Amino acid sequence: MPRRSTPFQAIVRLVREHYAQPGVIVTESKSLRSASLGVEREVDIVIEGEFDGEPLCISVEVIEHSRPAGLLWVEQQLEKHRDLPTNRLLLVSKSGFVANALAKIEQQAGRVQALTPEVIEIEGEAIVKRLFVDAISYKASGCKVHVRSRTQDLQVVAGEPLHDVCAADGSLLGSLAYLVQEALDLKAIRVRLGVIAHNHPEKDQLKAFSLGLAIPRLGYHLRQSETGELHLIEELEMWGDFAILQSEVPLTLTKLGGRAYGAAEASIAGRPAVWVGTSDREKQTTRISWQATDKLARSVPSVASPVRSVQFPGLLKLLPPPSTPDLPLSSD
């Protein structure tokens, strides 16, 4: 069955993950075994690590109702964790707790803590930091191959998807279509395209991309279909469709148990998601994480989808790609 989760639970998990010390593992919707019943019980968030050389398990249960959490819910969680390997229990309610529920928690000798998010305000106004996120998509529609023959002549040929790409000894590596796709899948290429698109004065109108990638040192060769002669590939010249979608993420500054963070619910690439941002003033760094919250993100496939093996691992040496020219984008 798919793991259960809510947007607020995902935010709590991301906050704890951001603040976790090295070696601490934060897991959402994890099963813990009951000592008395011998069954697995699902816990919203489990934080595991070591303290003074001893294993430590902090369990977090989250409720997202519009009304304050009541005594019944608190008693249910206390009973649930009585036989679980929980060293400390955090009960998090988005809307706070009623008085008798807080009184019950106070009776637990510090083992249980009630937490409620508190929006940080200035003069009664919530503080909101705005983040703008770009989602890009692109697909090759054509390719030219710059090749050098054994006589050192440089030629430019129209690339065909089924052209054979070989190693220097003539052994087949794969098709040109796969070489182009794996080149475009390189992280450095995606980042570069994203940066150029983000800074483009007419980013909303972008419809196409072109890219030149120099790869002579990889030793990939194009086989001439009529003669079987191998020609060294000097450069791939690729182009295709391109689109960029920019979304605004309004991060509301909040505190939860003394931990400050910004949080928002905003879609990315058409999928609902939650966002969490935290800043380290000493290191002067900011960390942003997001998690999709639709059914697709929470489902667990029963059968793993087949994954095509990488046919051109030499491309991974091109991070960043050497001698890569600027990647022009157009709105034509």
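Residues numbered from 1 in each chain as written. Predicted model: local features only at pLDDT ≥ 70, side-chain atom pairs only at ≥ 80, totals over all residues. Heavy atoms only, no water.

Enquirer: Any details on unusual backbone geometry? Residues and values, ideally.
Expert: One non-glycine residue, glutamate 123, lies in positive phi territory at about 55 degrees. Within the fold, glutamate 123 resides in the loop between β7 (121-122) and β8 (125-126). The phi torsion at glutamine 284 lies on the positive side, around 55 degrees, for a residue other than glycine. Relative to the helices and strands, glutamine 284 is located in the loop between β17 (273-280) and β18 (285-292). Among the residues examined, glutamine 284 registers a relative accessible area of 73% and is labelled exposed. (Helix = DSSP H or I, 4+ residues; strand = E, 2+ residues; numbered from the N terminus. Buried < 20%, exposed > 50% of the residue type's maximum accessible area, 1.4 Å probe, protein only.)

Enquirer: How would you explain the sheet that holds strand β2 (residues 40-51) if you had to name every residue and give the values?
Expert: Read from one edge of the open sheet, five strands run β1-β2-β3-β4-β5, paired in mixed fashion. Two strands in the sheet have a free side with no partner beyond their single neighbour: β1 (25-33) and β5 (112-115). Geometrically, the sheet is characterised by an average inter-axis angle of 35 degrees between neighbouring strands, direction not taken into account. Note that β2 and strand β3 (residues 54-63) share seven bridges and pair antiparallel. When the bridges of β3 are listed, glycine 49 appears paired with leucine 56. (Pairing = 2+ DSSP bridges. Axes fitted to C-alpha atoms, helices over the stretch in contact; angles between N-to-C directions.)

Enquirer: Before we move on, could you go through the pattern of salt bridges and cite the residues and values that matter?
Expert: In the structure shown here, the tally under the stated rule is 12 salt bridges. Measuring nitrogen to oxygen at the nearest pair gives 2.7 Å for the salt bridge that ties arginine 130 to glutamate 248. Of the two residues, arginine 130 is situated in strand β9 (residues 128-148) and glutamate 248 in strand β15 (residues 230-256); the sequence distance between them amounts to 118 residues. A salt bridge links aspartate 294 to arginine 271; its shortest N-O distance comes to 2.9 Å. One end of the pair, aspartate 294, is in the loop between β18 and α6 (295-298); the other, arginine 271, is in the loop between β16 (259-265) and β17, with 23 residues separating them in the sequence. One salt-bridge network, in which partners are shared between bridges, spans Arg13, Glu17, Glu28 and Arg287. (Salt bridge = Lys/Arg side-chain N within 4 Å of Asp/Glu carboxyl O.)

Enquirer: Tell me about the nonpolar core, and please be specific about residues and values.
Expert: Within the largest apolar cluster, 31 residues are counted, with the highest numbers of intra-cluster contacts made by Leu179, Ile215, Ile233, Leu236 and Leu315. When residues no more than four places from it in sequence are discounted, the contact partners of isoleucine 215 are Leu179, Tyr220, Ile233, Glu234, Glu235, Leu236, Leu315 and Leu318. Membership of the second largest hydrophobic core comes to 20 residues, among which are Val12, Leu14, Val92 and Val276. (Core = buried A, V, L, I, M, F, W, Y, C linked by side-chain atoms within 4.5 Å. Contact = heavy atoms within 4.5 Å.)

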